[in-house]
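Remarks on the overall topology
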Amino acid sequence: MINAIHGRVIDIRPDYLTILTPGGVEYRLEVSRNTSDKIAALPSTDRDRIRMLVYLQHREDAMTLFGFQSEEERFCFEQLQTVPGIGARQAIKILSGITVQNLIKALDSQDVKTLSKVSGIGPKTAQKLVLQLRNVLVLEEDDSSSSSGPVEAQEYRDMVDSFVSMGHDRRAVVRTLSDVLKENEEKLRNSDYRTLEPLIFSIMLKRLS
């Protein structure tokens, strides 16, 4: 599975960009308008050495690569496709019409009106999104503008999902995990996460009980 592509951006369009890798291979990545705008605004030196996360859609008649600048956007893209009636192209269209942060805020506040205004989402789809994704897509409250967070790392997502399956609210789990990780930042910097996982889990369990 391809996780990311490194290279130089040689063409930027509203809905896709082309990356030339050091090996001479050109990849066309379908991207959201928000992502293409961000990349277009980068200094040329940054566009010459860029890393794009990807999602490969493999169908019988075609293979399509979708590109993302952050794990948050890719995770949202993947989760949007779990909603009945939403495919990969509609998911990328939705992410072109609303930022990840605003999408999650709208889900959290059950703002169907705002969601319905996004291209690719009607009132019925907006209701489906709220019902299915409100407790799945979560941003850290004190770090909503950041493109990184503990919930993005797969090992942290797994821990969050474990506590959610135990009946805890996902937002409360993410907030608590963020606090625990910050308190143990030095230990995490000097040790492998897997070594400290039992300790972090134990602290989380006590605080959420």
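To start, this report covers the structure provided alongside it. It should be emphasised that the depicted structure is a prediction, and the values quoted were computed from it without experimental measurement.

Broken down by element type, the chain carries 11 helices and five strands. Per-residue burial over the chain gives 42% buried out of 209 residues. Of the contacts made within the chain by residues no fewer than 6 positions apart, 52% connect residues no fewer than 24 positions apart. Just so you have it, the chain exposes about 11,400 Å², and 48% of that area is on carbon and sulfur atoms.

With the rule as written, the count across this model stands at four aromatic pairs. Judged by centre distance (5.1 Å) and plane angle (40°), the ring pair of Phe-66 and Phe-77 falls under tilted. Within this pair, whereas Phe-66 is found in strand S5 (residues 63-68), its partner Phe-77 is found in helix H3 (residues 71-80), the two being separated by 11 residues in sequence. Phe-77 gets classed as buried once you look at its relative accessible area, which sits at 0%.

Relative orientation of the contacting elements H3 and helix H4 (residues 88-97) amounts to 130°, with a least axis distance of 9 Å. Between H3 and H4, the crossing angle belongs to the class labelled oblique. Here H3 runs over H4; the crossing is right-handed. Only Ala-88, Ala-91, Ile-92, Ile-94 and Leu-95 of H4 make contact with H3, whose side of the interface consists of Glu-73, Cys-76, Phe-77 and Leu-80. Class assignment of the residues belonging to the contact of H3 with H4 gives a composition of eight nonpolar, no polar and one charged.

Our focus in this paragraph is the pairing of strand S1 (residues 4-12). Relative to strand S4 (residues 50-58), S1 is paired through four bridges, and the arrangement is antiparallel. Across the sheet, residue Gly-7 finds its bridge partner in S4, namely Ile-50. Strand direction decides the pairing type here: S1 and strand S2 (residues 16-20), joined by four bridges, are antiparallel. By the bridge assignment for S2, Arg-8 is matched with Leu-20.

The rules we used
- Residues numbered from 1 in each chain as written.
- Predicted model: local features only at pLDDT ≥ 70, side-chain atom pairs only at ≥ 80, totals over all residues.
- Heavy atoms only, no water.
- Helix = DSSP H or I, 4+ residues; strand = E, 2+ residues; numbered from the N terminus.
- Buried < 20%, exposed > 50% of the residue type's maximum accessible area, 1.4 Å probe, protein only.
- Contact = heavy atoms within 4.5 Å.
- Areas by Shrake-Rupley, 256 points an atom, 1.4 Å probe, with all protein chains shown as cover.
- Phe/Tyr/Trp six-rings, centres within 6.5 Å; stacked < 30°, edge-to-face > 60°.
- Axes fitted to C-alpha atoms, helices over the stretch in contact; angles between N-to-C directions.
- Parallel < 35°, antiparallel > 145°, perpendicular 65-115°, else oblique.
- Left-handed = near helix turned anticlockwise from the far one by under 90°.
- Nonpolar A, V, L, I, M, F, W, Y, C, P; charged D, E, K, R; others polar.
- Pairing = 2+ DSSP bridges.

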